[in-house]
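Below, each chain spelled out in residue letters.
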Amino acid sequence: MSTLEYRLSSVVLRILGWVFNLLPGQPNRVVLATARLDHLEGNLLAIHDAIRRLRPDADLVLLLEPYGYGLGAKLRYLSRTVRGVYHVRTAGLVVIDNAWLPVHVAPHPARTTVVQVWHATGALKRFGVDTVVPPAQPERTFLHRHYDWVVTSGERSREPWSRALRTPVHRVIALGSPRTDVFFDAEAVAAARSRVHAAHPGLADRRLVLWAPTFRGRGRARTGSAGIDGTRLRALLPDGWVLAIKTHPNVDPAVQSTAGFDVVGRPDEDLNDWLCAADVLVTDYSSSLFEWALLRRPLVLAVEDLEAYELDPGLYLDVRTELVGAKVGDTEAAARAIVDGNIDQAAWDGFIDAHMGACDGRAAERFVERFLPRP
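Bear in mind that the values here come from a model prediction, so they are computed numbers and not experimental data.

(A) Region of interest: the sheet that holds strand β9 (residues 263-264). In space, the 6 strands of this open sheet follow the order β9-β8-β7-β10-β11-β12, with parallel pairing throughout. Here the strands that pair on one side only, and so sit at the sheet edges, are β9 and β12 (326-328). The pairing of strand β7 (residues 207-211) with strand β10 (residues 280-283) spans 3 bridges and is parallel. Considered in β10, the bridge of V209 is made with V280. Helix α13 (residues 331-340) rests against β7, β8 (241-245), β10, β11 (299-302) and β12 of the sheet, and its axis sits at about 165° to β12.

(B) Representation of the packing of aromatic side chains within the structure. Throughout the structure, instances matching the rule amount to 9 aromatic pairs. Note on W348 and F351: the rings are 6.0 Å apart at their centroids and 65° apart in plane angle, and the pair reads as edge-to-face. Placement of the pair is W348 and F351 together in helix α14 (residues 345-355), with a separation of 3 residues, close to one helical turn. F351 matches W348 in its accessibility class, with the two residues each being buried. Aromatic ring contacts, followed pair by pair, group W118, F127, W161 and Y316 into a single cluster. Against the face of W149 rests R171, its NZ or CZ located 4.4 Å from the ring centre. Here the guanidinium or amino end of R370 rests over the ring plane of W149, the centre of that ring lying 4.6 Å away.

(C) Structural view of helix α15 (residues 363-371). Among all positions of α15, only A363, A364, F367, V368 and F371 are buried. For α15, the angular spread of the buried residues around the axis is 140°, confining them to a single face.

(D) Representation of the sheet that holds strand β2 (residues 59-64). With respect to topology, 6 strands assemble into an open sheet ordered β2-β1-β3-β4-β5-β6, the strand pairing being parallel. Every interior strand has two partners, whereas the edge strands, β2 and β6 (172-174), have only one. Strand-to-strand twist across the sheet, computed as the mean angle between neighbouring axes with direction ignored, equals 25°. Two strands pair when backbone bridges link them, and strand β1 (residues 26-34) and β2 are joined in this way by 6 bridges, in the parallel orientation. Residue pairing in the sheet places R29 in a bridge with D59 of β2. In the packing of helix α3 (residues 71-90) onto the sheet, the strands contacted are β1, β2 and β3 (91-96), and the crossing angle to β3 comes to about 125°. Contacting β3, β4 (113-116), β5 (149-152) and β6, α15 crosses the sheet at an angle of about 160° to β5.

About the thresholds
- Residues numbered from 1 in each chain as written.
- Predicted model: local features only at pLDDT ≥ 70, side-chain atom pairs only at ≥ 80, totals over all residues.
- Heavy atoms only, no water.
- Pairing = 2+ DSSP bridges.
- Helix = DSSP H or I, 4+ residues; strand = E, 2+ residues; numbered from the N terminus.
- Contact = heavy atoms within 4.5 Å.
- Axes fitted to C-alpha atoms, helices over the stretch in contact; angles between N-to-C directions.
- Phe/Tyr/Trp six-rings, centres within 6.5 Å; stacked < 30°, edge-to-face > 60°.
- Buried < 20%, exposed > 50% of the residue type's maximum accessible area, 1.4 Å probe, protein only.
- Lys NZ or Arg CZ within 6 Å of the ring centre and 35° of its normal.
- Arc of directions from axis to C-beta.

The structure is reproduced here in structure tokens:
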């Protein structure tokens, strides 16, 4: 978004916001909103299901409207934000999992509670307004303002998330990440694994290695990772292993090489399903490693560009000393670590306690009880 686009849209939305403030409130209305995807997933999906189960009389509204970079996409998004501002000014509860302009453009009335649940867990790579290289304008001005509460996965991430999301630390609460509840339900884990096998029959009865990297760069310039050579890794793995890649949802699949992989995960497939199905996770600086910790399976970290990543966007943890798993700098080392499959259960225990200590399979239920208490 350019500075001119932001200034024009903010004037329009602020004026409309003042008008909407005069309308009757809807205290029973719960809005789940995201500009990331056109469907529910992750924390919003888990919260949605918990509300349906525990508070069936709630008036649920879904605003699933991804942001786009072309002129047409921007105009469509702007028109949708008008509806978003209406709900932010009138609903009882608004839950978002990413930056969302209707929240940030101006303060909302006290009758509305806005909760940021973010779409990731833990605190590894610096994000939001807390990156080493600050966001460009106008994002530096308007991003991550006016949250009433932020919900995180454990005590260790409260202070980093406070800085990244511009929210006082006492309003960043470790209720647990609802998207992790599945990992505490053996039947749900088995069902997720079955969904992946049904969609990709070639995975059955083979050991699955999942390469799930995060992105580099920002906005339209985002790219995938070159840390693993799929063709080379495929050649180095023994018979009986299958190699899959799940690209980051915010990366254009065209900019992430998939050569050599037996299976390429679809963009609409949930990463948590893939984690449940995988025997070994290979990633880099992705927050998926925090969720993976709950499964206590072998982890390989491809961090050949660690020094560059520490400079931009920056890291909250020292990868060399604070992360569990094998750290490798090339594909050959990754192959050796995959086959070795070492697991340090004591290290996992300490890591989980620090970063995922509030995750126990009941995070979605706790969220509902905290923000939608019974009359």
